[in-house]
Amino acid sequence: MLSTTAVYAFRIMVVLAESADRSMTSERIAASAGVPADYSVKVLQMLARGRFVRAQRGRGGGFRLACDPAATSLVEILRAIEQPKKGSPAPREIPDVPVIRVLQKELDQTVDDLYAQLGRITLQRVVDAAGEETEVPTIEVMVDRESPAATPTPPEAPHEQQA
């Protein structure tokens, strides 16, 4: 699953890749990428720590791409932004039950497939496809919304009285 932060990082990076010849303010990046302004600053800081973007202070400053868009894949950005979900600690130990082991194996394979696909998509590929008005192959993934409000909690079932 991709977090909101990862999706925002991808958006920010393609906006910067498209404007690689100039610096952009965080506000302009946020507006172009459709990312909330405050959140864009957080993501830009993470991208700067990963050496994907460079900040320039002062007049004419802002953020600029610090990597080669033709050699930078989405999976590299994802790894800089968040830890892989695969193998992340579960709330409880995985029981030694065949159906659960099979489920875990399927989930791990799905994450591996996603990472492999993201590794084949470079920033330049996305920018070029947008310039040619062609579609980049769709990657269907579930987005993990980081806000608790994004995932409604099902109502609790009424408790039965025991006789």
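Residues numbered from 1 in each chain as written. Predicted model: local features only at pLDDT ≥ 70, side-chain atom pairs only at ≥ 80, totals over all residues. Heavy atoms only, no water.

1. Section: the overall build of the protein
Test applied: Secondary structure elements are taken from DSSP: a helix is a run of H or I of four residues or more, a strand is a run of E of two residues or more, and numbering for both begins at the N terminus. Think of it in three bands: residues with accessible area under 20% of the maximum for their type are buried, residues over 50% are exposed, and the middle band is partly exposed, with areas taken using a 1.4 Å probe on protein chains only. Any two residues whose heavy atoms approach within 4.5 Å at even a single point are treated as in contact. Here the open area of atoms and residues is found with the Shrake-Rupley method and a 1.4 Å probe, where only the protein chains shown may cover a residue.
Along the backbone of the protein there are six helices and four strands. The proportion of buried residues among the 163 residues of the protein is 32%. Here the analysis covers contacts within the protein between residues at least 6 apart in sequence; of these, 70% occur between residues at least 24 apart. Accessible surface for the protein amounts to roughly 11200 Å². Of this, 52% is attributable to carbon and sulfur atoms.

2. A look at the side chain of Ser 23
The following threshold applies: N or O atoms closer than or at 3.5 Å make up a polar contact, with two conditions inside protein: a donor-capable atom paired with an acceptor-capable one, and, for residues adjacent in sequence, both atoms drawn from side chains.
On the secondary structure map, Ser 23 appears in the loop between α1 (4-18) and α2 (26-33). Within the structure, Ser 23 has its side chain in polar contact with the side chain of Gln 56 (distance 3.3 Å). Leaving out residues up to four positions away in the same chain, Ser 23 has contacts with Gln 56, Gly 60, Gly 61, Gly 62, Phe 63 and Arg 64.

3. Some thoughts on the pairing of strand β2 (residues 53-56)
Selection criterion: In this description, strands pair whenever DSSP reports at least two bridges between them.
Across four bridges, β2 lies against strand β3 (residues 62-65) in antiparallel orientation. Its bridge partner lying in β3, Gln 56 is registered against Gly 62. Here β2 folds back onto β3 in antiparallel fashion, the turn holding five residues, of which Gly 58 has a positive phi close to 90°.

4. What to know about helix α3 (residues 37-49)
Each full turn of the α-helix corresponds to 3.6 residues, which orients residues three or four apart in the same direction. Heads up, the condition is: The length a helix should cover is 1.5 Å for every residue beyond the first. Relevant arc is that of directions from the helix axis to the C-beta atoms, nothing else.
The end-to-end C-alpha distance of α3 is 19 Å, a good match for the 18 Å that 13 residues give at a rise of 1.5 Å each. Residues Ser 40, Val 43, Leu 44, Met 46 and Leu 47 constitute the buried set of α3. Looking straight down α3, one finds its buried side chains confined to an arc of 160°; they lie on one side. In α3, the exposed positions that point more than 90 degrees away from the buried face belong to Asp 38 and Arg 49. Immediately beyond the C-terminal end of α3, within one or two residues, lies Arg 51, with a positive phi of roughly 65°.

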